[in-house]
Amino acid sequence: MTNNGITVLFFSFAADRMNAREKIYELPEPLSIQEFFQQYLSTGLREPLESWLFSVNEEWVDPQYNLRPGDALAVVPPVSGG
Amino acid sequence: MVDYYLITEDSIDITEALTMIDDPATGAQAIFLGTVRDEYEGRKSLGLYYDAYPTMAQTHLKKIGEAMKQEFAISHVVIIHRIGELPVGAASVLVAVSAAHREAAFAAAKAGIDRVKSEVPIWKKEHWADGSSEWHDHPDHSGNVE
């Protein structure tokens, strides 16, 4: 990973749609999760921003969170454990 | 006499869990065990695959257990969620609580499993008897998961 890279984690059907559980993205400019989602993820995930929860480095965050180099962003579908 | 939280691919050891919550000062142990059903909404199933964000899920189990100890008069908590491929009948989740009295033990165990099912980043995929598979959280899935 270079200086501007973030790691994005996918689970459940999101991993199926992205064909990956983990991808590294290079960000040419600082982006919020919302901006990153629209530019890089919405086409592949095929569900709107409102369908997902997000965590960064294992803490829940809002889509307004500004991504920083080295962040691990998880795209979290509605949970269904038990 | 410990609290213990675990996401694991191994079988859940119920005896070990009860040993961990054991405490001479308590007179009650309540245990909830979730097992894999052979049907869902009337459709025959062969088993479940559980996906998870393991590190975050385990942290969440601990948060839930600590909240249970704040809210209820209980002594010890063990929460274990198994992930991976599970056949029908296998135990997928365990919530075990020890307390001085049964009321608190039952109430805490119920609150614990309710929170595990609604808050912990774990997802299950049904393996239908007809050979197809389906994520419970998939947008096209018809039913809401409890």
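Anything mentioned here points back to the structure above.
In what follows, the accompanying structure is described. Remember, predicted model here, so these are calculated numbers, not experimental data.

A count of helical and extended segments in chain A gives two helices and five strands. If you list the helices and strands of chain A from N to C, you get β-α-β-α-β-β-β. On C-alpha atoms alone, chain A measures out to a radius of gyration of 12 Å, which is about the 12 Å that the 2.2 N^0.38 rule sets for 82 residues. The principal-axis extents of the C-alpha atoms in chain A amount to approximately 40 × 25 × 20 Å. In chain A, which comprises 82 residues, the share counted as buried stands at 50%. A total accessible area of about 4,100 Å² is found for chain A, and carbon and sulfur atoms account for 47% of it. Within chain A, one finds 5 positive and 11 negative side-chain charges whose respective centroids are separated by 8 Å.

Time to look at the environment of G89 of chain B. Inspection of the secondary structure puts G89 of chain B in the loop between β6 (84–87) and β7 (91–99). Under the relative-accessibility criterion, G89 of chain B is labelled exposed at 51%.

Here the focus is the sheet that holds β7 of chain B. Residues and elements named next belong to chain B. Read across the open sheet, the four strands follow the order β1-β5-β7-β2; overall the sheet is mixed. Every other strand in the sheet has two partners, leaving β1 (4–8) and β2 (28–35) as the edge strands with one partner each. For this sheet, the mean angle separating the axes of adjacent strands, direction not counted, is 5°. Pairing geometry for β2 and β7, over eight bridges, is antiparallel. Within the sheet, the bridge partner assigned to G34 lies in β7 and is V93.

Residue and element names in this part refer to chain B. Interhelical geometry of helix α2 (residues 54–71) versus helix α3 (residues 102–119) gives an angle of 150° and a closest axis separation of 10 Å. By the angle class used here, α2 and α3 are roughly antiparallel. Note on packing geometry: the crossing formed by α2 with α3 is right-handed. Residues H60, L61, I64, A67, M68 and E71 of α2 form the contact with α3, whose participating residues are A108, A109, G112, R115, V116 and E119. Classifying every residue of the contact of α2 with α3 gives seven nonpolar, two polar and three charged.

What follows concerns the side chain of E126 of chain B. Residue and element names in this part refer to chain B. By the element assignment, E126 lies in strand β8 (residues 122–128). One buried charge, E126, has no salt-bridge partner; the nearest side chain with opposite charge is K124, at 6.4 Å. A polar side-chain atom of E126 sits 2.7 Å from a polar atom in the side chain of S45. Only 2.4 Å separates the side chain of E126 from the side chain of H136, close enough to count as a polar contact. Sequence-distant contacts of E126, that is, excluding residues within four places in its chain, are made with Y40, S45, G47, L48, S132, S133, E134 and H136.

What follows concerns the nonpolar core. Residues and elements named next belong to chain A. Among the nonpolar cores identified, the biggest contains 32 residues, and F10, Y25, F36, L41, L45 and L67 are the most heavily contacted of them. Elements with a minimum of two residues in this core: β1 (5–10), α1 (12–18), α2 (33–45), β3 (53–56) and β5 (72–76). For this core, the element with the most residues is α2, which contributes five residues. In contact with F10, other than residues within four places in its own chain, are A15, M18, A20, R21, E22, K23, Y25, L41, L45 and V75.

This next bit is on the side chain of S55 of chain A. Considering the arrangement of structural elements, one finds S55 of chain A in strand β3. For S55 of chain A, the residues in contact, after removing those within four places along its chain, are W60, V61, A72, L73 and A74 of chain A together with Y53 and M56 of chain B.

The rules we used
Residues numbered from 1 in each chain as written. Chains lettered and ligands numbered in written order. Predicted model: local features only at pLDDT ≥ 70, side-chain atom pairs only at ≥ 80, totals over all residues. Heavy atoms only, no water. Helix = DSSP H or I, 4+ residues; strand = E, 2+ residues; numbered from the N terminus. Rg over C-alpha atoms; globule rule 2.2 N^0.38 Å. Buried < 20%, exposed > 50% of the residue type's maximum accessible area, 1.4 Å probe, protein only. Areas by Shrake-Rupley, 256 points an atom, 1.4 Å probe, with all protein chains shown as cover. Lys, Arg positive; Asp, Glu negative; His and termini not counted. Charge placed at Lys NZ, Arg CZ, Asp CG, Glu CD. Pairing = 2+ DSSP bridges. Axes fitted to C-alpha atoms, helices over the stretch in contact; angles between N-to-C directions. Parallel < 35°, antiparallel > 145°, perpendicular 65-115°, else oblique. Left-handed = near helix turned anticlockwise from the far one by under 90°. Contact = heavy atoms within 4.5 Å. Nonpolar A, V, L, I, M, F, W, Y, C, P; charged D, E, K, R; others polar. Salt bridge = Lys/Arg side-chain N within 4 Å of Asp/Glu carboxyl O. Polar contact = N/O pair within 3.5 Å; in protein donor to acceptor, adjacent residues only side chain to side chain. Core = buried A, V, L, I, M, F, W, Y, C linked by side-chain atoms within 4.5 Å.

From the geometry alone we can't say anything about function, so treat these as descriptive.
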